[in-house]
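Read off the chains here:
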Amino acid sequence: INAKAKAMKAEGINVIDFSVGEPDFPTPSNIKDAGIQAIEDNFTKYTANDGIPELKEAIRARLKQDHDLDYARNQIIVSCGAKHCIYNVLMAVVNKDEEVIIPAPYWVSYPQMVLMAEGKPVIVRTKEENGFRITPQELKDNLNFNTKAIIINNPSNPTGSAYTRDQLEEVCEIAASEGLLIVADEIYEKVIYDNFKFTSIASLSEKIREKTLIVNGVSKSYSMTGWRIGYAAGPRDIISAMNIVQSHMTSNVNSIAQKAAVEAFSGNQDAISQMVAQFNSRRNYMLNKLKRCLL
């Protein structure tokens, strides 16, 4: 759809493209400067497959500061975007015909990645009255001996819904007790409104953390979609398995982008609030227009 929209624009057609989750702001200058400096320093060779040490340290510090989470370096892997992290973990842990629960509406690639791992996506259709969030009962109704994992996208693409801490605890307690791996896609964690408090799934309890793989990155929060930097943090054995998959698929992430991501995570964070404020202004404008149409 994105390619079609671009082709139409090239033909001079006036198109508003809602297909891709991509901020329309430039990457902040301090981050771009770090990338330029990496080129000037000739940081253009192979790196460690799972990420350079200084980037892992920056991720560790960000997780600690934002969510009071402590991870060792060997519990973190840097990949070519959050999508790559999710694909890596599914390839690493899902066996043939094992089931992965995916609440719907869902991001388009989830079921396809499960299928590529020879697993079975189990689509659970959530309800508008529940804010398009999966409920504990809906999770229970779809569990069986073959269920391997659940993917929870919070905040959600495409619905925009987000879970409160209590809502997450109810669902994730069941998932952890049943031995499911919780793949927590938290790439939109900073894009929240109305003083809503985001809760990272791994911060709920030690029991839940031990069954959770956090997936995040720089694409949305720092307007770095094209830099292709994502990361996963979770149990050491799962990260190790993901590292093996990645080593035979892509090897390390772009070295220059890794240096830029160090600055993104450890440098000035003001650009995030500025972007979110603009997103919120646009959101409120759209809501007001839609409400008037319904009157």
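Here is a short report on the structure shown in this document. As the structure is a prediction and not an experimental result, all values here were calculated from the model. (Residues numbered from 1 in each chain as written. Predicted model: local features only at pLDDT ≥ 70, side-chain atom pairs only at ≥ 80, totals over all residues. Heavy atoms only, no water.)

Here the amide bond leading from Ala104 into Pro105 is cis, since omega sits at 0 degrees, within 30 degrees of zero. Within the element layout of this structure, Pro105 appears in the loop between strand E2 (99–104) and helix H5 (109–116). Each neighbour pair has its own omega, and for Asn154 with Pro155 the value is -10 degrees, a cis peptide bond. When you line up the elements, Pro155 lands in the loop between strand E4 (147–153) and helix H7 (165–177). The phi dihedral of Asn42 falls on the positive side, at around 60 degrees, and the residue is not glycine. (Helix = DSSP H or I, 4+ residues; strand = E, 2+ residues; numbered from the N terminus.)

By the definition in use, this model includes 0 disulfides. Among the cysteines around Cys80, which has no disulfide bond, Cys85 carries the closest sulfur, lying 8.8 Å off. Just so you know, Cys172 is unpaired, no disulfide at all, and the nearest cysteine sulfur is the one on Cys85, 19 Å from it. (Disulfide = S-S within 2.5 Å.)

This part is about the packing of aromatic side chains. Going through the model one piece at a time under the given rule, you end up with 4 aromatic pairs. Here Tyr222 and Phe265 contribute two aromatic rings whose centre-to-centre distance is 5.8 Å and whose plane-to-plane angle is 85 degrees, an arrangement assigned as edge-to-face. Taken together, the residues Tyr222 in the loop between strand E6 (212–217) and strand E7 (230–233) and Phe265 in helix H10 (residues 255–266) connect sequence positions 43 residues apart. Across this residue pair, the class does not change: Tyr222 and Phe265 are buried. Here the aromatic rings of Tyr231 and Phe265 are separated by 5.8 Å at their centres, their planes lie at 75 degrees, and the arrangement is edge-to-face. Linking Tyr231 in strand E7 with Phe265 in helix H10, this pair joins segments that are 34 residues apart in sequence. Judged by its relative accessible area of 3%, Tyr231 falls in the buried class. Classification of Phe265 as buried rests on a relative accessible area of 4%. Taken together, the ring pairs connect Tyr222, Tyr231 and Phe265 into an aromatic cluster. (Phe/Tyr/Trp six-rings, centres within 6.5 Å; stacked < 30°, edge-to-face > 60°. Buried < 20%, exposed > 50% of the residue type's maximum accessible area, 1.4 Å probe, protein only.)

Limitation: the analysis is restricted to geometry and does not speak to function.
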